[in-house]
Amino acid sequence: MKICIVSNYKFSGYGESTRPGQIAKHLKIFGHQILHICDWDGVTDNIEHIHIARNTWEKNPIKRVLLFLKNYFCILWFKPDLIYVHQFNNGKWAIKTKLFQGKKIVFDAHTSVYFEHLHFTSNPTTLGNLKEQENEICHAVDFIIAASSETEDFLLKAYSADSRKIESIGNATNIQPIEAAEHTNNTSFICVTTLPQDGFPSNSMALEMLLEIAEETYLINKQVQFHVIGGGEMPIAKTPNVIYTGYVKNLREKILKADVCLMPFPKNAVCGGARNKFCDYIALGKAVITTNEGLRGMEILVGGKNCLVANDALQFALTINSLANNKAQIHTLEREVFLIRNCFDWKDRAKKVESILQRLIQA
């Protein structure tokens, strides 16, 4: 197959770059030809990536025509069998652009933006516009892949989507699972969380909660450090125990150095699918402290067995301090996580995507 993927992929990005990047990589390994329209120009994994502006409008009419012709002939030369679109912002563009006229479109709903905004936006105009846009996309595309069963159920109910044309395929991790349990031996107690500030309100809310947790913890135990992985504009922390690392070259190494990993998502930081950063932590056998919202879509996890649950800053601080003074409890959690380290494999997820694409082409 010749597959044109449209996503927000960035070469050095985490989060929203992971799912389309890994699906593209494995579809290429399976023998398919891939052209990736995204937020980066370059070649990686033998896949050509081209940056086509999808959320801006060139005001100069001559430049606009020249850009369209360049992109049109690039796609025409590639001759895609179908278009695979990730995220609603790209779905909106894909069903409107003349570049894809006559092509079948598969829409990967990483979440529903309308569903998320229901929990932290009360503006009826914003909600109405989001719902209208998502409804149009869901009925314009040929098939929908949802990143979680919860997102699938929501799209079916909210937009009366055709149940024969929707299927859920969960997230995974591109990090190779550990082969043997690894324990840290840090001088300070290190908590790691991956929270890029890349426009997702839920990540911003989680960072706000993380800073509150750091303040509460600093009052109890000044030897605890909080390392925040990810790029974007970071607010100034009120306590010296917060370290912003930015995007790191070796995410695996950084996570392995953590004594414990955190998923500090408050109840209003809603995401329709399982957060793939959780999959990273599990693959590396790390003990995780999370909230009930952080557990969304992670049915394999049970609080008190293979993770710990805390729902406010003080509970987090007390739990972190308890673990800092009881490494045996961490090791007990890590042994349970080690048993499920292989559950989030992108190769398996990409095989399911491939099957859907093949069915759609043969239909």
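See the structure printed just above.
Residues numbered from 1 in each chain as written. Predicted model: local features only at pLDDT ≥ 70, side-chain atom pairs only at ≥ 80, totals over all residues. Heavy atoms only, no water.

To continue, consider the pairing of strand E7 (residues 143-146). Residue alternation in E7 divides its side chains into two sets, Phe143 and Ile145 and Ile144 and Ala146, and both sets are buried. Note: E7 against strand E8 (residues 166-168), three bridges, orientation parallel. Paired with Ala146 across the bridge in E8 is Ser168. Read from E7 through helix H6 (residues 149-159) to E8, the crossover connection turns out right-handed. (Buried < 20%, exposed > 50% of the residue type's maximum accessible area, 1.4 Å probe, protein only. Helix = DSSP H or I, 4+ residues; strand = E, 2+ residues; numbered from the N terminus. Pairing = 2+ DSSP bridges. Right-handed = clockwise from strand over helix to strand, strands pointing away.)

For the structure on display, the rule yields 14 salt bridges. The closest approach of N and O atoms between Arg296 and Glu150, which form a salt bridge, is 2.3 Å. With Arg296 in the loop between strand E13 (288-290) and strand E14 (308-309) and Glu150 in helix H6, the pair connects residues that are 146 residues apart, well separated along the chain. Exposure remark for Glu150: the relative accessible area of 31% places this residue in the partly exposed category. Arg296 is the salt-bridge partner of Glu293, the closest N and O atoms lying 2.7 Å from each other. Per residue, the accessibility class of Glu293 equals that of Arg296, and both read buried. One connected set of salt bridges, linked through shared partners, spans Lys10, Glu16, Asp39 and Arg54. (Salt bridge = Lys/Arg side-chain N within 4 Å of Asp/Glu carboxyl O.)

Ranked by internal contacts, the top residues of the largest apolar core, which has 77 residues, are Tyr84, Phe226, Leu262, Phe278, Ile289 and Ile320. For this core, the element with the most residues is helix H7 (residues 201-220), which contributes eight residues. In terms of nonpolar packing, the next biggest core, distinct from the first, is built from 32 residues, Leu35, Leu127, Ile137 and Tyr159 among them. (Core = buried A, V, L, I, M, F, W, Y, C linked by side-chain atoms within 4.5 Å.)

Strand order across the open sheet formed by six strands is E11-E10-E9-E12-E13-E14, with parallel pairing between neighbours. Across the chains shown, the open sheet's two edge strands, defined by having one partner strand only, are strand E11 (242-246) and E14. This element, H7, spans strand E9 (189-194), strand E10 (224-229), E11 and strand E12 (260-263) of the sheet and lies at about 165° to E10. (Contact = heavy atoms within 4.5 Å. Axes fitted to C-alpha atoms, helices over the stretch in contact; angles between N-to-C directions.)

What follows covers the environment of Gln329. Relative to the helices and strands, Gln329 is located in helix H11 (residues 327-338). Judged by relative accessible area, which is 28%, Gln329 ranks as partly exposed. For Gln329 and Ala94, which are 235 residues apart along the polypeptide, the C-alpha to C-alpha distance reads 49 Å. Sequence-distant contacts of Gln329, that is, excluding residues within four places in its chain, are made with Leu308, Ser322 and Leu323.

Another aspect to go through is helix H5 (residues 124-140). The terminal C-alpha atoms of H5 lie 24 Å apart, and with 17 residues this matches the ideal 24 Å at 1.5 Å per residue to within 8%. Within the sequence span of H5, burial applies to Leu127, Leu130, Glu134, Ile137 and Cys138. The buried residues of H5 all sit within an arc of 100° when viewed along its axis, so they share a single face. The outward face of H5, more than 90 degrees from its buried face, is lined by the exposed residues Pro124, Thr125 and Glu132. Looking at the buried side of H5, the elements it contacts are helix H3 (88-94), strand E6 (104-109), helix H4 (113-120), E7 and H6. (Expected span 1.5 Å × (residues − 1). Arc of directions from axis to C-beta.)

The next point concerns the packing of helix H1 (residues 18-29) against helix H12 (residues 346-362). For the pair H1 and H12, interaxial distance at closest approach is 9 Å and the crossing angle is 75°. In terms of orientation, H1 and H12 fall into the roughly perpendicular class. Here H1 contributes Thr18, Arg19, Gln22, Ile23, His26 and Leu27 to the contact with H12, which in turn contributes Trp346, Lys347, Ala350, Val353, Glu354 and Leu357. Looking at the contact of H1 with H12, its residues break down into six nonpolar, three polar and three charged. (Parallel < 35°, antiparallel > 145°, perpendicular 65-115°, else oblique. Nonpolar A, V, L, I, M, F, W, Y, C, P; charged D, E, K, R; others polar.)

Once that is clear, we can look at the packing of aromatic side chains. Enumeration over the complete set of coordinates arrives at nine aromatic pairs. Taking 6.1 Å as the distance between ring centres and 40° as the angle between the ring planes, the aromatic pair formed by Tyr114 and Phe154 counts as tilted. In this pair, Tyr114 is assigned in helix H4 and Phe154 in helix H6, connecting sequence segments 40 residues apart. Residue Tyr114 is classed as buried on the basis of its relative accessible area, which comes to 12%. When its relative accessible area of 17% is taken as the criterion, Phe154 is described as buried. Ring pairs connect the aromatic residues Tyr114, Phe115, Phe154 and Tyr159, which therefore count as one cluster. (Phe/Tyr/Trp six-rings, centres within 6.5 Å; stacked < 30°, edge-to-face > 60°.)

Further remarks concern unusual backbone geometry. With a phi close to 55°, Lys79 is a non-glycine residue in the positive phi region. Note that Lys79 resides in the loop between helix H2 (61-78) and strand E5 (82-86). If you check the backbone angles, Ser160 has positive phi at about 50° while not being a glycine.

Glancing now at the side chain of Thr184. When you line up the elements, Thr184 lands in the loop between E8 and E9. A distance of 2.5 Å separates a polar atom in the side chain of Thr184 from a polar atom in the side chain of Asp259. For Thr184, the residues in contact, after removing those within four places along its chain, are Leu256, Lys257, Ala258, Asp259, Lys286 and Lys327. (Polar contact = N/O pair within 3.5 Å; in protein donor to acceptor, adjacent residues only side chain to side chain.)

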